[in-house]
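The chain contents come next:
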Number of protein chains: 2
Amino acid sequence: MNCSWLRLAGTAAVVLSATAHAQSDPLPSWHDKAAKKAIVEFVKATTTPGNPKFVPLPERVATFDQDGTLWVEHPLYSQFMYVLERVPAVVKAKPELANQEPFKTVMSGNRAALEKLTERDLEILAVATLTGMPVEQFQDEVRGWLAKARDPRWKKPYNELTYLPMQEVLKYLRANGYKTYIVTGGGQDFVRVYAEQTYGIPPEQVVGTAGATSYSYGKDGKPVLTKEAKVVLNDNNAGKAEGIHLMIGRRPHIAFGNTAGDQQMLEYTAGGTGARLSLLVLHDDAKREYAYGPAKGLPDTKVGAFSQALYDEATKNGWVVISMKDDWKRIFAFEK
Amino acid sequence: MNCSWLRLAGTAAVVLSATAHAQSDPLPSWHDKAAKKAIVEFVKATTTPGNPKFVPLPERVATFDQDGTLWVEHPLYSQFMYVLERVPAVVKAKPELANQEPFKTVMSGNRAALEKLTERDLEILAVATLTGMPVEQFQDEVRGWLAKARDPRWKKPYNELTYLPMQEVLKYLRANGYKTYIVTGGGQDFVRVYAEQTYGIPPEQVVGTAGATSYSYGKDGKPVLTKEAKVVLNDNNAGKAEGIHLMIGRRPHIAFGNTAGDQQMLEYTAGGTGARLSLLVLHDDAKREYAYGPAKGLPDTKVGAFSQALYDEATKNGWVVISMKDDWKRIFAFEK
């Protein structure tokens, strides 16, 4: 072995590696259009020392809504499916509920009756299925449900219904020093059960609607945290910006949402100094997923209120609108 | 240059480096006694693959109370000093307060009268100095105060009054993959201003007593988060365990506290499965710092209620009691 050759080989390897890095596409499921370009330009500018848009490593915070932004939210949020599908177990443990509303309606499985459940009914169901037990018991119940639950359209586990292009964005941002957070209107304890496995996002980086817990001692004298029917953080709308301050304490530099519940998070992100990017996922692909954005003449629906007002705000403020139809080559990893 | 020699030198460097690592003392300000041994043994066991006490990297969570555990809390918590010292600025902005209690008493500087302030008085002062302004304005005010404020005994900035042995523990745990968190009864927004610079702990790893914020729009149309006089998390006693679940979502494997306000955090930590270590800092060094632990015949005081009951619980449950007098060679970095 010759030392000069060794040095040369070493240099060549470094050059090749840098070239390979520059050539590899971090977002292969995205078409080379405006949305992809905006994301790539943002990442390059904020991570290049000397660039006026450079963001120091500790301040690289990226936030993502979950339902409708990272995975499918139609026809019902997965957590709502959980609440409905937990009812039989709750009724089995407390048989007297079988003849009480709204449990009776849920147990009947009558779809028309189910659709007439009021906000108050849903609250009763949520309290019965999501609270009143130790934190660890709840986590076990969610884990057990996730292993068996299937989406009604694709007949797949929910964690296979994440959007491949968004998974690429998560990895791309993390590879560039961004801390990725979920900021969801869904239950914080619920999403934390699967976020690490599903998105590579650890529990401490999941901000969601959070209930109080209460500290007490079990029969063995050990501490128990019990989930209570009291909301500490309603992580929707203004609550998303407030929740980010409470749980992270830094303003995001990049944020992704898809409905009116994300409006304030996107405004709060865009309102910071320096480089900021707010992006909206537009559901406009009825064939491969769903089309429920009101923009471009698509019909509005109850779930996922991507309103015309939000779309207008996005275009007025220069937020990036991501068209699932036009920007994404593939939507799911299981697609061919 | 000879290639064999290069390889040999490389190998030697690796061996030397590993030896240096094994020989260097991660806790040089600690006497080689039981407390130090317990910490080192815990870290070695939980980070050695194959050891029955091994803890996977993502689960390595360490929590620290701040006042009295990481820095001096006598004669008054620094945040309480802040509240008192902010009063002149508050009165200057609203002159009508000058003749209203408790502002009048604080402005008088009469120490005897100050000591008679009631809980309700303190609450009024806290609301007046800590809330009612945008988050960024509060951060600027705290930053400005910290630059000028001096501890009454050592005449030094508060962030120089951190305990050197605890700074070593923070670095030692982080070097071994532990995420270090502050879990403080103090204000979360207050501590976040200086935690990164003072302890290397970023804002998102500071859990503290937290108030609500409210989202609105400024004159320029940009979002503003205003600090409100409503407590979201009282991060004391049971609130510390509840706050850890809310903000981190994982049970600590190692926790440090010093007063009754830390009892539940230490119990919650010790109550988990696998390797867990709870430690109490005992203030028993009247000469170099303060002696206000009740144990070993020391007098009890109002601040820092390290009660006999807590000490008994610690010894009964095998928690480690750290004697500042006997376990620490040096207390502050500025000591010779």
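Let me sum up the structure you'll find in this document. Bear in mind the structure is a predicted one, so any value in this text is a computation, not a measurement.

1. Comments concerning the interface of chain A and chain B
- At the junction of the two partners, chain A supplies 42 residues and chain B supplies 42 residues.
- When the two sides are added together, the surface that chain A and chain B hide from each other amounts to roughly 3400 Å², 53% of it contributed by carbon and sulfur.
- Per-residue buried area on chain A facing chain B is highest for Glu204(A), Tyr215(A) and His245(A); these three make up 19% of the total on that side.
- The closest approach of N and O atoms between Arg250(A) and Glu204(B), which form a salt bridge, is 2.9 Å.
- Run the count over chain A and chain B and you get 26 residue pairs in polar contact (both at pLDDT 80 or more).
- Looking at the side of chain A that touches chain B, the element that brings in the most residues is helix H10 (residues 238-247) of chain A, giving six residues.
- In terms of residue class, the side of chain A that touches chain B is built from 20 nonpolar, eleven polar and eleven charged.

2. Side note on helix H8 (residues 164-175) of chain B
All names here are of chain B.
- Helix length check: H8 (twelve residues) gives 16 Å between terminal C-alpha atoms against 16 Å at 1.5 Å per residue, within 8%.
- Every buried residue of H8 is listed here: Leu 164, Pro 165, Met 166, Gln 167, Glu 168, Val 169, Leu 170, Tyr 172 and Leu 173.
- Remark: Gly 177 follows H8 within two positions and exhibits a positive phi of approximately 85 degrees.

3. A closer look at helix H8 (residues 164-175) of chain A
- Burial within H8(A) is extensive, with nine of its twelve residues counted as buried.
- Lining the buried residues of H8(A) we find helix H2 (34-47), strand S1 (61-64), strand S2 (179-187), helix H9 (188-199), strand S5 (254-257) and strand S6 (277-282) of chain A.

4. Side note on the sheet that holds strand S4 (residues 223-233) of chain A
Residues and elements named next belong to chain A.
- In spatial order, the strands read S4-S3-S2-S1-S5-S6-S7; together these seven strands make up an open sheet with mixed pairing. Looking along the sheet, the strands with just one partner apiece sit at the ends: S4 and strand S7 (320-323). Sheet twist, expressed as the average angle between the axes of neighbouring strands with direction ignored, equals 30 degrees.
- Pairing geometry for strand S3 (residues 206-217) and S4, over seven bridges, is antiparallel. Bridging across to S4, Ser 214 finds its partner in Thr 226.

5. Examining the packing of helix H2 (residues 34-47) of chain B against H8(B)
All names here are of chain B.
- Running from N to C, H2 and H8 cross one another at 15 degrees; their axes reach a closest spacing of 11 Å. By the angle between their directions, the pair H2 and H8 is classed as roughly parallel. Regarding H2 and H8, the two cross each other, and that crossing is right-handed. When H2 is examined against H8, the residues Ile 39, Val 40 and Val 43 are found in contact with a partner set consisting of Val 169, Tyr 172 and Leu 173.

6. Some words on the packing of aromatic side chains
- This structure, assessed with the given rule, holds 36 aromatic pairs over all chains.
- Taking the centre distance of 5.4 Å and the plane angle of 85 degrees together, the rings of Tyr215(A) and Tyr217(A) count as edge-to-face.
- Here Tyr82(B) and Phe138(B) contribute two aromatic rings whose centre-to-centre distance is 6.2 Å and whose plane-to-plane angle is 90 degrees, an arrangement assigned as edge-to-face. Placement of Tyr82(B) in helix H3 (residues 78-93) and of Phe138(B) in helix H7 (residues 135-148) is noted, with a sequence separation of 56 residues between them. Phe138(B) carries the same exposure label as Tyr82(B), and that label is buried.
- Site record: aromatic cluster; members linked through ring pairs are Trp71(A), Tyr82(A), Phe138(A), Trp145(A), Tyr158(A), Phe190(A), Tyr194(A) and Tyr199(A).
- Against the face of Tyr290(A) rests Arg153(A), its NZ or CZ located 5.0 Å from the ring centre.
- Directly above the aromatic system of Phe334(A) lies the positively charged group of Lys156(A), at a separation of 4.7 Å from the ring centroid.

7. Remarks on the pattern of salt bridges
- Under the definition given, this model contains 28 salt bridges over all chains.
- Salt-bridge contacts for Asp32(A) lead to Lys36(A); the nearest nitrogen and oxygen are separated by 2.9 Å.
- Take Lys36(A): its relative accessible area is 6%, and that puts it in the buried class.
- Overlapping salt bridges, with partners in common, bring together Lys179(A), Arg250(A), Glu196(B) and Glu204(B) in one network.

8. Quick look at the sheet that holds strand S7 (residues 320-323) of chain B
All names here are of chain B.
- Pairing within the open sheet is mixed, and its seven strands lie in the order S4-S3-S2-S1-S5-S6-S7. Lying at the two open borders of the sheet, with one neighbouring strand each, are strand S4 (223-233) and S7. Strand-to-strand twist in this sheet, taken as the mean axis angle between neighbours without regard to direction, amounts to 30 degrees.
- Pairing of strand S5 (residues 254-257) with strand S6 (residues 277-282), which is carried by four bridges, proceeds in the parallel orientation. Bridge assignment links Gly 257 to a residue of S6, and that residue is Leu 280.
- Against the sheet, helix H9 (residues 188-199) touches strand S2 (179-187), strand S3 (206-217) and S4, its axis set at about 140 degrees to S2.

9. Considerations on the relation of the copies chain A and chain B
- Overlay of chain A on chain B (RMSD 0.0 Å): rotation 180 degrees, translation along the axis 0.0 Å. Expressed as a symmetry operation, the mapping of one chain copy onto the other fits a two-fold axis.
- A share of 100% of interface residues in chain A that are also interface residues in chain B marks the association as one of identical surfaces.

10. Observations regarding empty space enclosed by the protein
- Using the criterion set out here, one finds one cavity of 30 Å³ or more in the structure.
- Its volume calculated, the largest cavity comes out at about 60 Å³.
- Every residue lining the largest cavity is listed: Lys179(A), Tyr181(A), Glu204(A), Gln205(A), Met247(A), Lys179(B), Tyr181(B), Glu204(B), Gln205(B) and Met247(B).
- Counted by class, the lining of the largest cavity contains four nonpolar, two polar and four charged residues.

11. A short note on the packing of H9(A) against helix H10 (residues 238-247) of chain B
- Running from N to C, H9(A) and H10(B) point in directions that differ by 60 degrees, and their axes come no closer than 10 Å. Comparing their axes, H10(B) and H9(A) come out oblique. Facing H9(A), whose interface residues are Gln188(A), Asp189(A) and Arg192(A), H10(B) presents His245(B), Leu246(B) and Met247(B).
- Looking at the contact of H9(A) with H10(B), its residues break down into two nonpolar, two polar and two charged.

12. Some remarks on the side chain of Gln188(B)
- Inspection of the secondary structure assignment puts Gln188(B) in helix H9.
- Among the residues examined, Gln188(B) registers a relative accessible area of 2% and is labelled buried.
- Sequence-distant contacts of Gln188(B), defined by excluding residues within four places in its chain, comprise Leu246(A), Val206(B), Val207(B), Gly208(B), Thr209(B), Ala210(B) and Met247(B).

Definitions and limits used
Note that residues are indexed from 1 along each chain, following the sequence as it is written. The lettering of chains begins at A and the numbering of ligands begins at 1, in the order of writing. Per-residue local features of the predicted model are confined to residues with pLDDT of at least 70, and side-chain atom pairs are confined, for both listing and counting, to 80 or more; whole-chain, interface and lining totals are unaffected and use all residues. Note: side-chain values were computed over all heavy atoms of the structure, leaving out hydrogens and water. Two residues form a contact once any of their heavy atoms are found within 4.5 Å. A quick way to say it: buried area is the sum, across both parts, of accessible area lost when two parts are put together, with a 1.4 Å probe. Salt bridges are defined as contacts in which a side-chain nitrogen from Lys or Arg sits within 4 Å of a carboxyl oxygen from Asp or Glu. Two N or O atoms count as a polar contact when they lie within 3.5 Å, although within protein this holds only if one can serve as hydrogen donor and the other as acceptor, and sequence-adjacent residues are included solely when both atoms are side-chain atoms. Helix and strand definitions here come from DSSP, where helices need a minimum of 4 consecutive H or I residues and strands a minimum of 2 consecutive E residues; each element is numbered from the N-terminal end. Basically, the charged four are Asp, Glu, Lys and Arg, the nonpolar ten are Ala, Val, Leu, Ile, Met, Phe, Trp, Tyr, Cys and Pro, and anything else, Gly included, counts as polar. Given a helix with a known number of residues, its expected span is that number minus one, times 1.5 Å. Accessibility here uses a 1.4 Å probe with only protein chains present; expressed as a share of the type maximum, an area under 20% marks a residue as buried, one over 50% as exposed, and anything in between as partly exposed. At least two DSSP bridges between two strands are needed for those strands to be called paired. Lines fitted to C-alpha atoms define the axes, with helix axes restricted to the stretch in contact, and inter-axis angles between N-to-C directions lie between 0 and 180 degrees. Angle categories are assigned with fixed cut-offs, so that under 35 degrees is roughly parallel, over 145 is roughly antiparallel, 65 to 115 is roughly perpendicular, and the rest are oblique. Crossing handedness is defined as follows: a turn of the near helix away from the far one that is anticlockwise and smaller than a right angle gives a left-handed crossing, while the clockwise case is right-handed. Any Phe, Tyr or Trp ring, taking Trp's six-membered ring, that has another such ring centre within 6.5 Å forms a pair; planes under 30 degrees apart are called stacked, those over 60 apart edge-to-face, and the others tilted. For a ring to carry a charge above it, either NZ of a lysine or CZ of an arginine must fall within 6 Å of the ring centroid while also lying within 35 degrees of the normal to the ring plane. All copies are superposed by least squares; the fitting set is the C-alpha atoms of residues with a pLDDT of at least 70 in both. Using only the protein atoms, space was sampled on a 1 Å grid; points where a 1.4 Å probe fits but cannot get out form cavities, open sets with protein on both sides within 12 Å along at least five of seven lines form pockets, and lining residues are those with an atom within 4 Å of a point. Grid points are joined across faces, edges and corners, and a volume is the space filled by probe spheres set on the points.

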